[in-house]
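Understanding the architecture of this molecule
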Amino acid sequence: MQLETGNVVSHDSEGTLYRVLTLELPNISSNAVPGQFVHLRVSALQDAVLRRPFSIYRVDGKNLSILYKNVGRGTSSMCTLRPGDAVNVLGPLGNGFPTAVSSGKFPVLVAGGYGVAPLYFLATRLPVKGVLFVGGARARDILLNDRFKALGWNVCIATEDGSLGTRGRVTEPFDAWIQSLGGDAKPEIFACGPNGMLKALCDRARQGGWNAWISLDRHMGCGVGACLACIQRVVMEGQEVLVRVCKEGPVFESRTIVWEDGNHEA
Amino acid sequence: MQLETGNVVSHDSEGTLYRVLTLELPNISSNAVPGQFVHLRVSALQDAVLRRPFSIYRVDGKNLSILYKNVGRGTSSMCTLRPGDAVNVLGPLGNGFPTAVSSGKFPVLVAGGYGVAPLYFLATRLPVKGVLFVGGARARDILLNDRFKALGWNVCIATEDGSLGTRGRVTEPFDAWIQSLGGDAKPEIFACGPNGMLKALCDRARQGGWNAWISLDRHMGCGVGACLACIQRVVMEGQEVLVRVCKEGPVFESRTIVWEDGNHEA
Amino acid sequence: MKPDLRILLAGVPMKNPVMVASGTFGYGPEYADLVNLNQLGAIVVKGISLEPWKGNRTPRLVEVPGGLINAIGLQNPGVNGFIEKYMPFLRTHDVAVIVNIWGKTAEEYAEVAARFDGVPGVHALEINISCPNIKAGGNAFGTNLDATRLVVSAVRRKTRLPIIPKLAPNVSDIGAFARACEESGADAISLINSFPAMAIDIETRRPILANVTGGLSGPAIHPIAVKLVYEAAKAVKVPLVAIGGITSAREAIEFMIAGASAVAVGTANFTEPLTAIEVIRGLEEYLCRHNIPNVSDLVRSLRL
Amino acid sequence: MKPDLRILLAGVPMKNPVMVASGTFGYGPEYADLVNLNQLGAIVVKGISLEPWKGNRTPRLVEVPGGLINAIGLQNPGVNGFIEKYMPFLRTHDVAVIVNIWGKTAEEYAEVAARFDGVPGVHALEINISCPNIKAGGNAFGTNLDATRLVVSAVRRKTRLPIIPKLAPNVSDIGAFARACEESGADAISLINSFPAMAIDIETRRPILANVTGGLSGPAIHPIAVKLVYEAAKAVKVPLVAIGGITSAREAIEFMIAGASAVAVGTANFTEPLTAIEVIRGLEEYLCRHNIPNVSDLVRSLRL
Ligand SMILES: Cc1cc2nc3c(=O)[nH]c(=O)nc-3n(C[C@H](O)[C@H](O)[C@H](O)COP(=O)(O)OP(=O)(O)OC[C@H]3O[C@@H](n4cnc5c(N)ncnc54)[C@H](O)[C@@H]3O)c2cc1C
Ligand SMILES: Cc1cc2nc3c(=O)[nH]c(=O)nc-3n(C[C@H](O)[C@H](O)[C@H](O)COP(=O)(O)OP(=O)(O)OC[C@H]3O[C@@H](n4cnc5c(N)ncnc54)[C@H](O)[C@@H]3O)c2cc1C
Ligand SMILES: Cc1cc2nc3c(=O)[nH]c(=O)nc-3n(C[C@H](O)[C@H](O)[C@H](O)COP(=O)(O)O)c2cc1C
Ligand SMILES: Cc1cc2nc3c(=O)[nH]c(=O)nc-3n(C[C@H](O)[C@H](O)[C@H](O)COP(=O)(O)O)c2cc1C
Ligand code: FES
Ligand code: FES
């Protein structure tokens, strides 16, 4: 974990809703593993006391990219960053995905929204290629599918309005595909996306007895384990304990997670 | 008084310490008189609740200029304004200088620091030309002298380090000049600058029995007379009363002002 | 559907629940070139005392992150001066006028209130027992339950106008103060006044304000005010007027959900004189979007 | 001239008067990759109770203009868990360790204090009687003079360690609370804890925090804290540790001029983990520039 100030190398649109921000961060880049995140200080937002967390999307030599969507105050003022501007970054943070796949298992990535970002980084590092299921409300919410294909991955798209891929939730093509494999489906699942999607996947993983590594999105304070803002209930050695998503996570094996009813975080 | 959002037309350096910001503000410009000021919202300063007051330096058709120095948070983020950026302005505010000179009187302007700005606007509107005394710490604090000369005004400079004009305070050449006129000096003084300078001038005006119109710099809240932050003690009809520098001022006839010892505003 | 923004606050009909707060809008004429006063719910004028009052020395104001500290010290032209100079202007407008009053003793408060009884165009009195910037009266009353009761009931006896005590934020149990006001005959309660605060110039090691301390207002205090309004709403039935850090409809709506029947815009008038007008527009838009027919349906609608 | 930054606070020698505040710096290891702990005046660890405590549900934190509202609810591994897990790490550093403690009753506070008595590496106890986020104890103690006395004297009887009660900001007379602590045996007093506050999601009309209310911290509360430190300094002789909205040396220096012997950096650790280090550097630079040989010369140096 390091604090590093890096200049903006490039800042481009990705589809209509997302942007890719690439920063020169040699130290953080050289230590980053897929599933980790960076905590970015939005300096134009003078009255902001919190950094903003973003998954690491790509690492290319000294350069580190994130893929983000403008959803609020911080991300909206990030949009004004121009090449050459300096950004202060804390990272790499969190545990990351396992980058080995147990023998005989087949990597299956499941993504919603910005969830493609850490999974893309993972896809570049996994020793075996597999399939990506990616879902969204409409065609414009589906990102990076060409890049995954270019890496040699199969891509399966679902949109709720049917404007791209199958119509419906991403779990539908996923289920169909698992069924098509019959009883000996041995997927190793890696997922990042909205809570509803993650929960649905966890149920399936539990039933199927598969490993599913899911990355949680939780509102964060410090990002380093100091403030206890980002707590998640998990079961460890039969005991329910509280862990910090920023430190022990953001990636958890799905069967350890205790999903709470009425957890206010959507 | 109006609220108007105008685009930056130009934003240039003036000497090494000052900048001229020109905004397209047709409504405010058409009503402005010399000595009035505008109250500018520094939108990049998100945590600022107060506007910043600046004297009107020039009006040129629809365009209004201010001349300012970077001295703090607000002015420092104003420095980043670029042509085309929008700025919200409240103005014109305050009373302004009288723009007539009593017959037989001779207009004398005395300026320190940004004080040249309202006096330049005044010089462009006065029916008679006169002399400008301008003082500062060093040569780089002396502004606009060429512009005053171009208008046909005499300019007399004093710097404390002697790097331009006479060495010393601006009151020294002023006193010398008054003396050189003998007993029948009939100056009508217009001044804007640091309190010390204004106070020294007021003493002289009182002794000489001259009119001196001085523009005060006071920390302001609303700028329109509502908050009572900018109070000045003055004598009106023999009575000491409190007036608002933003509304009844910023220009006062020097003999009405009650200078307070230990007034914390420098 | 056009939502109904009208309210009846302490018996005073208003076009909408958005007022401008005492001390931040002068006596009405100051902003009249910019703001159509007839569009406001009410104007709360700067605090008035029995006799003219000079207030504190300058500097009286300092900006801090997210707010400002003021120590105006309640400068005002006195009851008579105010009525002569400003009431004729205010009466030409179709807007509720609430006069903020203060005194150095309970008797003075009562006397000021009595003078306003029957003055045409005055709709209600806001009783400032919470000014952090004067030695006698002010915050010293508003942080003491007995003094609060004393002042409010003294005023109650001397006027038939609706009375709205204005609470201090620097208390541990705002509910107790709200109850004391309600029991002493308040028709509504407003909160909060600015928060006792201080800034020091580290180069000179002197207080920045001539008065040494002052009152913090602006966005910085909004989350504190929301909590206090929420607590006060649990304690009393009379309507609340919420004040503190409103810059847009969002903060006003938060206040109403927490328990306020009306709100007042203070410091934001300095930043953007049209804030109150924008709050009214934003509130209307919000009610439309959420299909809420009447603005009062928003009041105390927090979902727990 | 290199100014002397060293202080002796409540008998604890420190390299400088700049600490990190409880709950914002974990137990030490969390920021150790970034911050050289040996450079700090002291580390105040997250609040510890007798038994492990789970704290509140999430969301526990929300950003507001100029600050954040937290309702962590004092989650912690309990005395034993803390001593086992973190003290070995902390003991490897050359930095004063102050343990922040809390309980649901005065007896629990005293019992926690007793357990720390004699634990190697623990230099002092900060007694949190001001947490706004728990039902029993916390702010309820810190806003009641009798309860404050009860807790502080109970702790005093059970430990030989220096004790530093931490005051709540939401009181009318901070001086009275400071005096109560001093009289009950406090060696120093720290102030302020976060300010009771609340934020509401206007779209869902629900409180944003699962705990409904929380505590406001960050730059927004700094001017309030300066005023409270100034008042407390007038009331007591024991040294004060000032907390609230420090983001740079400027705010820390303001606190010291107002009356604090030391300061602690809280929320700013999240924004910029090196804040405390920068405050130390800035303080040194300021002392140099003003020819102040000893940092203690700055304390209570306000010019009126
Ligand atoms: C581990 C992790 C990885 C993430 N990776 C990405 C990514 O790769 N791309 C991307 O677009 N987004 C990502 N997010 C979500 C991203 O952090 C939020 O969209 C962002 O913080 C919103 O900030 P804002 O100021 O624009 O929104 P506002 O709503 O104005 O923010 C207010 C506060 O809420 C927090 N917040 C708001 N939304 C979220 C959220 N969804 N998750 C966490 N905190 C939130 C902000 O950090 C801030 O503290 C990630 C979140 C986490 C926890
Ligand atoms: C009527 C009037 C006309 C002015 N005309 C000019 C001008 O033409 N050119 C120019 O360069 N400056 C002028 N000033 C001063 C100018 O307003 C300040 O330099 C400016 O507000 C500093 O803002 P800041 O945020 O950079 O400084 P900061 O010190 O960060 O400001 C903090 C607060 O103090 C106030 N403040 C600081 N310095 C002054 C000051 N000298 N006078 C009033 N308020 C101050 C700011 O407005 C703000 O509210 C004028 C002031 C007044 C009252
Ligand atoms: C400059 C100024 C003057 C004020 N004068 C008064 C006053 O005379 N009487 C009063 O009750 N409140 C006064 N207040 C307090 C405001 O009415 C309001 O309660 C406070 O500022 C909080 O609201 P805000 O955050 O929207 O400003 C004053 C506030 C400011 C900033
Ligand atoms: C996330 C968080 C957790 C906190 N936990 C504690 C705690 O356990 N005990 C305590 O006494 N204060 C706690 N505090 C209060 C801080 O120590 C400090 O008093 C307060 O945040 C004000 O300082 P600041 O404005 O610099 O943050 C906590 C504050 C925050 C933001
Ligand atoms: S964000 Fe602070 S502990 Fe996780
Ligand atoms: S600045 Fe508000 S009255 Fe002058």
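Residues numbered from 1 in each chain as written. Chains lettered and ligands numbered in written order. Predicted model: local features only at pLDDT ≥ 70, side-chain atom pairs only at ≥ 80, totals over all residues. Heavy atoms only, no water.

Our focus in this paragraph is the overall build of chain A. When helices and strands are counted, chain A shows 6 helices and 16 strands. The C-alpha radius of gyration of chain A comes to 18 Å, within 12% of the 18 Å expected for a compact globule of 266 residues. Taking all 266 residues of chain A together, 55% fall into the buried category. A separation threshold of at least 6 residues defines the contact pool for chain A, and within that pool the share at least 24 residues apart is 63%. (Helix = DSSP H or I, 4+ residues; strand = E, 2+ residues; numbered from the N terminus. Rg over C-alpha atoms; globule rule 2.2 N^0.38 Å. Buried < 20%, exposed > 50% of the residue type's maximum accessible area, 1.4 Å probe, protein only. Contact = heavy atoms within 4.5 Å.)

Our focus in this paragraph is the site of ligand 2. Residues and elements named next belong to chain B. Every one of the 19 residues lining ligand 2 counts as a neighbour, but R52, P53, G74, T75 and D217 are closest to it. One of the backbone nitrogen or oxygen atoms of R73 is found 3.1 Å away from an oxygen atom of ligand 2. Residue D217 places a side-chain N or O atom 2.3 Å away from a nitrogen atom belonging to ligand 2. In isolation ligand 2 offers 810 Å² of accessible surface; the protein chains occlude 85% of this area. Only strand 4 (52-55), strand 6 (63-69) and helix 2 (73-78) provide two or more residues apiece to the shell around ligand 2. The element best represented in the shell around ligand 2 is strand 4, accounting for 4 residues. Across the shell around ligand 2, the residue classes tally to 9 nonpolar, 5 polar and 5 charged. (Near = heavy atom within 4 Å. Polar contact = N/O pair within 3.5 Å; in protein donor to acceptor, adjacent residues only side chain to side chain. Areas by Shrake-Rupley, 256 points an atom, 1.4 Å probe, with all protein chains shown as cover. Nonpolar A, V, L, I, M, F, W, Y, C, P; charged D, E, K, R; others polar.)

With 31 residues of chain D at the interface, the matching set in chain A holds 34 residues. Buried area between chain D and chain A, summed over both chains or domains, comes out near 2,800 Å², and the portion from carbon and sulfur atoms is 58%. When the buried area of chain D at its contact with chain A is split by residue, D:T58, D:E63 and D:T271 rank highest and sum to 22% of it. Taken together, chain D and chain A are joined by 5 salt bridges. Residue A:R41 is joined to D:E272 by a salt bridge in which the shortest nitrogen-to-oxygen separation is 3.8 Å. Summed over the shared surface of chain D and chain A, the result is 9 residue pairs in polar contact (both at pLDDT 80 or more). Listed by contribution, the elements that provide at least two residues to the side of chain D that touches chain A are strand 5 (61-64), strand 6 (67-70) and helix 8 (268-271) of chain D. It is strand 5 of chain D that contributes the most residues to the side of chain D that touches chain A, 3 residues altogether. Of the residues belonging to the side of chain D that touches chain A, the class tally is 14 nonpolar, 9 polar and 8 charged. (Buried area = accessible area lost by both parts, 1.4 Å probe. Salt bridge = Lys/Arg side-chain N within 4 Å of Asp/Glu carboxyl O.)

This part covers the site of ligand 3. Residue and element names in this part refer to chain C. Ligand 3 sits among 23 residues. The nearest are S22, K166, G218, G245 and T267. The contact in question runs from an oxygen atom of ligand 3 to an N or O atom on the backbone of S22, over 2.7 Å. Within the contact set of ligand 3, an oxygen atom lies 2.9 Å away from a backbone nitrogen or oxygen of I192. Its free accessible area being 600 Å², ligand 3 has 98% of it covered by the protein chains. Class assignment for the residues of the shell around ligand 3 results in 7 nonpolar, 14 polar and 2 charged.

We now examine the interface of chain D and chain C. Counting residues at the interface gives 44 residues for chain D, matched by 44 residues for chain C. For the chain D and chain C pair, buried surface summed over both sides reaches about 4,000 Å², with 64% attributable to carbon and sulfur atoms. When residues of chain D are sorted by the area they lose upon contact with chain C, D:I202, D:R205 and D:R303 head the list and together hold 20% of the total. A salt bridge links D:E203 to C:R289; its shortest N-O distance comes to 2.9 Å. Between the two partners, chain D and chain C, sit 18 residue pairs in polar contact (both at pLDDT 80 or more). Of all the elements in the fold, those that place two or more residues in the side of chain D that touches chain C are strand 11 (195-198), strand 13 (206-207), strand 14 (213-217), helix 6 (222-235), helix 7 (249-258) and helix 9 (275-289) of chain D. Here the residues of the side of chain D that touches chain C sort into 28 nonpolar, 7 polar and 9 charged.

This model, assessed by the stated rule, comprises 0 disulfides over all chains. The thiol of B:C79 is not disulfide-bonded; the next cysteine sulfur, from B:C192, is found 20 Å away. (Disulfide = S-S within 2.5 Å.)

Overlaying chain D with chain C gives an RMSD of 0.0 Å, the required rotation being 180 degrees about an axis along which the chain moves by 0.0 Å. What the rotation and shift describe, once combined, is the action of a two-fold rotation axis. Here 100% of the interface residues in chain D have copies in chain C that are interface residues too; the copies meet face to matching face. (Least-squares fit on C-alpha atoms with pLDDT ≥ 70 in both.)

Bringing the packing of helix 5 (residues 171-181) of chain B against helix 6 (residues 195-208) of chain B into the picture now. Residue and element names in this part refer to chain B. Interhelical geometry of helix 5 versus helix 6 gives an angle of 15 degrees and a closest axis separation of 11 Å. With respect to helix 6, the axis of helix 5 lies roughly parallel. Considering the relative orientation of helix 5 and helix 6, their crossing is right-handed. Of the residues in helix 6, those touching helix 5 at T171, F174 and D175 are A200, L201 and R204. (Axes fitted to C-alpha atoms, helices over the stretch in contact; angles between N-to-C directions. Parallel < 35°, antiparallel > 145°, perpendicular 65-115°, else oblique. Left-handed = near helix turned anticlockwise from the far one by under 90°.)

On to the pattern of salt bridges, then. One pass over the full model with this rule turns up 56 salt bridges over all chains. Ionic pairing is found between A:R51 and D:E272, a salt bridge with its closest N-O pair at 3.7 Å. You can see A:R51 sitting in the loop between strand 3 (37-41) and strand 4 (52-55) and its partner D:E272 sitting in the loop between helix 8 and helix 9, one on each of two chains. Considered together, A:R51 and D:E272 belong to a single accessibility category, that of buried residues. With a closest N to O distance of 2.6 Å, A:R204 and A:D175 form a salt bridge.

Our focus in this paragraph is the sheet that holds strand 8 (residues 106-112) of chain B. Residue and element names in this part refer to chain B. What the 7 strands build is an open sheet, ordered 11-10-9-8-12-13-16; its pairing is mixed. Each of the sheet's edge strands pairs with one partner strand only, and the pair in question is strand 11 (166-167) and strand 16 (251-253). Of the strand pairs in this sheet, strand 12 (residues 187-192) and strand 13 (residues 212-215) are connected by 4 bridges, and their pairing is parallel. Considered in strand 13, the bridge of A191 is made with I214. Of the strands in this sheet, strand 8, strand 9 (131-136) and strand 12 are in contact with helix 3 (residues 116-125), which crosses strand 8 at around 155 degrees. (Pairing = 2+ DSSP bridges.)

Let us look at the domain arrangement of chain A. Residue and element names in this part refer to chain A. For chain A, the assigned domains are domain 1 (2-93) and domain 2 (106-217). For domain 1 versus domain 2, the separation of C-alpha centres amounts to 24 Å. Between domain 1 and domain 2 the total buried area reaches about 1,400 Å² when both faces are included, carbon and sulfur atoms providing 64% of it. A per-residue breakdown of the area domain 1 buries against domain 2 is headed by Y18, P34 and Y57, which together make up 37% of the total. Inspection of the domain 1/domain 2 interface yields 1 salt bridge. The salt bridge involving E14 is made with R147; its shortest N-O contact spans 3.8 Å. Joining domain 1 to domain 2, the criterion identifies 2 residue pairs in polar contact (both at pLDDT 80 or more). By residue class, the composition of the side of domain 1 that touches domain 2 is 9 nonpolar, 3 polar and 3 charged. (Domains from an automatic or database assignment.)

Moving on to the environment of D:H123. Residue and element names in this part refer to chain D. Considering the arrangement of structural elements, one finds H123 in the loop between helix 2 (106-116) and strand 8 (124-128). The exposure class assigned to H123 is partly exposed, which follows from its relative accessible area of 29%. Once the C-alpha coordinates of H123 and V99 are considered, the two residues, 24 residues apart in sequence, prove to be 7.9 Å apart. When residues no more than four places from it in sequence are discounted, the contact partners of H123 are V12, V95, A96, V97, L161 and P162.

A few words on the sheet that holds strand 7 (residues 86-93) of chain A. In sheet architecture, strand pairing relies on hydrogen bonds along the backbone and comes in two forms, parallel and antiparallel. Residues and elements named next belong to chain A. Taken in spatial order, the 7 strands make up an open sheet running 4-3-7-1-2-6-5, and their pairing is antiparallel. Looking at which strands have only one partner, the edges of the open sheet turn out to be strand 4 and strand 5 (58-60). The mean inter-strand angle of the sheet, taken between neighbouring strand axes irrespective of direction, is 35 degrees. Alignment of strand 3 against strand 7, held across 4 bridges, turns out to be antiparallel.

Take the confidence of the model for chain C next. When pLDDT is averaged along chain C, the result is 96; 100% of the residues meet or exceed 70. Scoring the predicted complex yields pTM 0.97 and, for the interface, ipTM 0.96. (pLDDT = per-residue confidence, 0-100.)

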